[in-house]
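# Observations on the model geometry
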Amino acid sequence: MGYIDKLPAMDLMRSEKMTPVQLIIPVESARRAVSYLGQLGLLQFRDLNADKSPFQRTFVNQVYFIGFVSATASVLDAESELVKRCAEMSRKLRFFKDQIHKAGLMSAPRPILQPKMELEQLEIHLAEYEHELLEMNNNSEQLRQSYNELLELKIVLQKAGGFLVSSKSHVVSEEIELDDYVYSNEDYADTTSLLEKEMRPGPSNQSGLSFISGIIIRSKVLMFERMLFRATRGNMLFSQAPADEKILDPVSTEMVEKMAFVVFFSGEQAKTKILRICEAFGANCYSIPEDITEQRQLNRVVLSRLSELEATLDAGIRHRNNALTFIGSQLSKWIDMVRREKAVYDTLNMLNFDVTKKCLVGEGWCPIFAKTQIQEVLQRATFDSNSQVGVVFHAMDAVESPPTYFRTNRFTNSFQEIVDAYGVARYQEANPAVYTIITFPFLFAVMFGDWGHGICLLLGALFLISRESKLGSQKLGSIMEMVFGGRYLLLLMSLFSIYCGLIYNEFFSVPYHIFGGSAYKCRDATCSCEILDNNFFFDSDAHSVGLVKFQDAYPFGVDPSWRGSRSELPFLNSLKMKMSILLGVTQMNLGIILSYFNARFFHNSLDFRYLLQIILLLLAIIAVPWMLFPKPFILKKLHSERFQGRTYKMLGTSEMDMDVEPDFARQHDEDFNFSEVFVHQMIHSIEFVLGSVSNTASYLRLWALSLAHSELSTVFYEKVLLLAWGYDSIIIRLVGLAVFAFATAFILLMMETLSAFLHALRLHWVEFMNKFYHGDGYKFRPFSFASLTDADD
């Protein structure tokens, strides 16, 4: 009861009564007044500068933002400065958020309490934090680059050093097999291959043999080797070995696998080509000494330097994470602060500036019940800003149709969203959401009726409701966000599905004797059935000649004995078809009744007397002419009396005329075409007559989908679960159980739920709401900090 008492008062039958208001705000209290109104969230401002240029729109903010914008700046400079500084702070906050995400840290949902700061101070702090982070990132990047280079050099030393040792031993073992004649041949230098040059005795500088060592990404090795082979015409020797550890790629910031390589070649021209190819493929080349002693000495230096860099990098990462942790603890508060300031600035741009009175003039809409709260907020803004002049707040005459505002809570919000998706209610129009709270989940349950499936939906709804405080603060996916928003709708859908499932007597398509014994028994032995634990289990091969009623009817729902009998489908089809027609006629009559109350509420006597009356609807022969003929002739008579001088009367106020005069007559004040009006009324009458038949037939989808859901559930139960259970193999039984569970979860609980939901939506939008609902209004969108999102940054 305590929770119910805390719910806000609401009237969902018709939208809240609205009033146009005007505010005259002194300049010194303008920012506080708009900010406080944003916290209250009950006033919608009209943009009084919508038709003005940016030059004209800026003067308000130049006058107000003293300190935030230089008072000597020009108007255009002030506009540019305000926009740039707000956008710059938002950019810095997005940069901090991105850095926190990359570091794998989490922003604190509740900021640590810190002394309150003004926007100027926040701007200074953001600049300092950004400069500090950029310096740390730059230093870390340089250290990481040096570390990667040393790590690659270590790998090349380990792998390429082995290539050089093996090549020298290869030369020693093979040089005794070379023919002296080959070495003495004068044309040898031009015809010998690189391998023969490598095996030629003597110093390497005499044979001209050189090598280039380096490291390359593993995925490029094959193309790299082919390119080297083509560029040197095969006069090279390529050796490679995989690195023992992954290396950070500075471009993609991902750990990649690399390969160490050594290319043996001869000649300066080949060296130039190989270096160019290495550069093109992004291979890093490192010079290593040929002497093993020098290699070992260089390796010790590299390992020592790597150890130092690791310690330095770890210290830098800890310092950076500490800074990001502090920023993350305040990030949500800073984002909210900048977002609110930008929203205040945008709202001030919607106000006019009175130069003579040095005040701001604003107009808008507010609910009548909120006038007292708004006045209190404006008085507090005047007191807090030490203004000598208070804010003037008064009601105005209506110049346009008011916005539509319904006070909803987290339970009724999802039902109101279903209606608003079709169209926002016209101001003070009857709201279908009141009836949708019951009719929508009930019609869904008529198509989805199975109390076993309903229990599954109920468990899901209860889970979402129990975790709503946690899930509501998280950023969910689009589908999960939609499901979570309709958690209370899902709750009612599941409860009504359990109710209809008990009426249909279906639990995963299996009937049960919950409310007592059956009223029927088998007539003779050919009716093959077995009673076990007060439940009927019929043989699938039974050919019964009928059941005999031997006691009173089953107390609630369908008698389970109909299950498996030859009369099952005819009986259930007749029951569900008649029920669908009755439900359809009932809901459509409710729509017609609501159209009567709409006509009565708006004092539209013509629509009330000559359109959609229930009594005349029952007498179709009289109702059709009654809808067709009187209204055009009455409109013609009214037009003649007003514009042909037959009668005269005193002019009334515009508001009285709006209340008394029907909408259709106002549209044809000066240019009245009787034939056009008559044809329009004839079309409307024909549409209503045909629509009554087609809309009624459309409700047969309740019968069709209910039957389809029941039969599909029966197929999965009998042809999958029972069939698998008939085998003695435990594996087959487990497979059958898994297939049955999968089909139940993804087909019956997901696809069938979506199908029944969409059909229920169609019945409400087309068959029910078109009887009385115009849906051509516009939402009340107050200036509220609570409605600001990331898109407003």
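Residues numbered from 1 in each chain as written. Predicted model: local features only at pLDDT ≥ 70, side-chain atom pairs only at ≥ 80, totals over all residues. Heavy atoms only, no water.

Relative to the 18 Å expected for 13 residues at 1.5 Å per residue, helix α12 (residues 268–280) spans 19 Å between its end C-alpha atoms, a close match to the ideal helical length. Within the span of α12, buried status applies to Ala270, Ile274, Ile277 and Cys278. When α12 is viewed along its axis, its buried side chains cluster within an angular range of 100° and face the same direction. More than 90 degrees from the buried face of α12, the exposed residues found are Glu268, Gln269, Arg276, Glu279 and Ala280. (Helix = DSSP H or I, 4+ residues; strand = E, 2+ residues; numbered from the N terminus. Expected span 1.5 Å × (residues − 1). Buried < 20%, exposed > 50% of the residue type's maximum accessible area, 1.4 Å probe, protein only. Arc of directions from axis to C-beta.)

Our focus in this paragraph is the UniProt feature "transmembrane region" (unreviewed entry) in the protein. Sites flagged by UniProt as "transmembrane region" (unreviewed entry) map to residues 442–465, 486–504, 579–598, 610–629 and 730–751. Note that residues 442–465 is 92% helix and 0% strand, and that its end C-alpha atoms are spaced 20 Å apart. As a span, residues 730–751 carries 100% helix and 0% strand, and end to end its C-alpha atoms are 30 Å apart. (UniProt positions renumbered as here; feature names shortened; annotations may be inferred.)

On the surface, a nonpolar cluster with roughly 680 Å² of combined accessible area is contributed by Trp725, Ile730, Ile731, Leu734, Val735, Leu737 and Val739. Examining the composition of the nonpolar patch, we find that six residues originate from one element, helix α30 (residues 730–768), more than from any other. Turning to its location among the elements, valine 735 is positioned in helix α30. Here valine 735 falls in the partly exposed class, since its relative accessible area comes to 48%. (Patch = residues over 30% accessible without salt bridge, like charges linked within 9 Å, V, L, I, M, F, W, Y side chains within 5 Å. Areas by Shrake-Rupley, 256 points an atom, 1.4 Å probe, with all protein chains shown as cover. Salt bridge = Lys/Arg side-chain N within 4 Å of Asp/Glu carboxyl O.)

Let us now look at the nonpolar core. Membership of the largest hydrophobic core comes to 50 residues, with the highest contact counts inside it found for Phe444, Tyr699, Leu702 and Phe768. Counting residues per element, the ones that place at least two in this core are α15 (413–422), α16 (433–448), α17 (451–466), α20 (487–504), α21 (568–601), α29 (700–725) and α30. Counting residues in each nonpolar core, the second largest holds 35 residues, with Ile25, Met350, Ala370 and Leu788 among its members. (Core = buried A, V, L, I, M, F, W, Y, C linked by side-chain atoms within 4.5 Å.)

The strand order across the open sheet formed by four strands is β4-β7-β3-β8, and the pairing between neighbours is antiparallel. What marks the edges here is a single partner per strand, and that holds for β4 (237–242) and β8 (284–286). Taking the axes of each pair of neighbouring strands and ignoring which way they run, one obtains an average angle of 25° across the sheet. When strand β3 (residues 209–217) meets β8, the two strands line up antiparallel, connected through three bridges. Opposite serine 213, over in β8, you have tyrosine 286 as the bridge partner. The sheet contacts of helix α11 (residues 221–231) involve β3, β4 and β7 (258–266), and relative to β4 the element is tilted by about 170°. (Pairing = 2+ DSSP bridges. Axes fitted to C-alpha atoms, helices over the stretch in contact; angles between N-to-C directions. Contact = heavy atoms within 4.5 Å.)

Here the focus is the packing of α16 against α30. The N-to-C vectors of α16 and α30 enclose an angle of 130°; their axes lie 9 Å apart at closest approach. It follows that α16 is oblique to α30 by the angle criterion. The way α16 lies across α30 gives a crossing that is right-handed. Counting all contacts with α16, which are made through Tyr435, Thr436, Thr439, Phe440, Leu443, Phe444, Met447 and Phe448, the residues of α30 involved are Leu748, Leu749, Glu752, Thr753, Ala756, Phe757, His759, Ala760, Leu761, Leu763, His764 and Phe768. (Parallel < 35°, antiparallel > 145°, perpendicular 65-115°, else oblique. Left-handed = near helix turned anticlockwise from the far one by under 90°.)

Residues annotated in UniProt with the feature "coiled-coil region" (unreviewed entry) correspond here to residues 119–153. Between the C-alpha atoms that bound residues 119–153 there is a distance of 50 Å. The span itself is 100% helix and 0% strand.

Mapped onto the fold, valine 720 is located in helix α29. For valine 720, the contacting residues outside a window of four places in its chain are Val715, Gly736, Val739 and Phe740.

Below, the discussion takes up the pairing of strand β10 (residues 359–367). Burial of β10 is extensive: nine of the nine residues sit out of reach of the surface. Residues of β10 alternate between two faces, with Cys359, Val361, Glu363, Trp365 and Pro367 on one and Leu360, Gly362, Gly364 and Cys366 on the opposite face, all of them buried. Direction of pairing for strand β1 (residues 18–26) relative to β10: antiparallel, over a ladder of nine bridges. Within β10, the residue paired with glutamine 22 across the bridge is glutamate 363. Two strands pair when backbone bridges link them, and strand β2 (residues 44–45) and β10 are joined in this way by two bridges, in the antiparallel orientation. Across the sheet, phenylalanine 45 pairs through a bridge with glycine 364, a residue of β10. By the bridge criterion, three bridges tie strand β9 (residues 352–354) to β10 in an arrangement that is antiparallel. Of the residues in β10, the one forming a bridge with phenylalanine 353 is leucine 360. Hairpin connection from β9 to β10: four residues lie between these consecutive antiparallel strands, with lysine 358 at a positive phi of about 50°.

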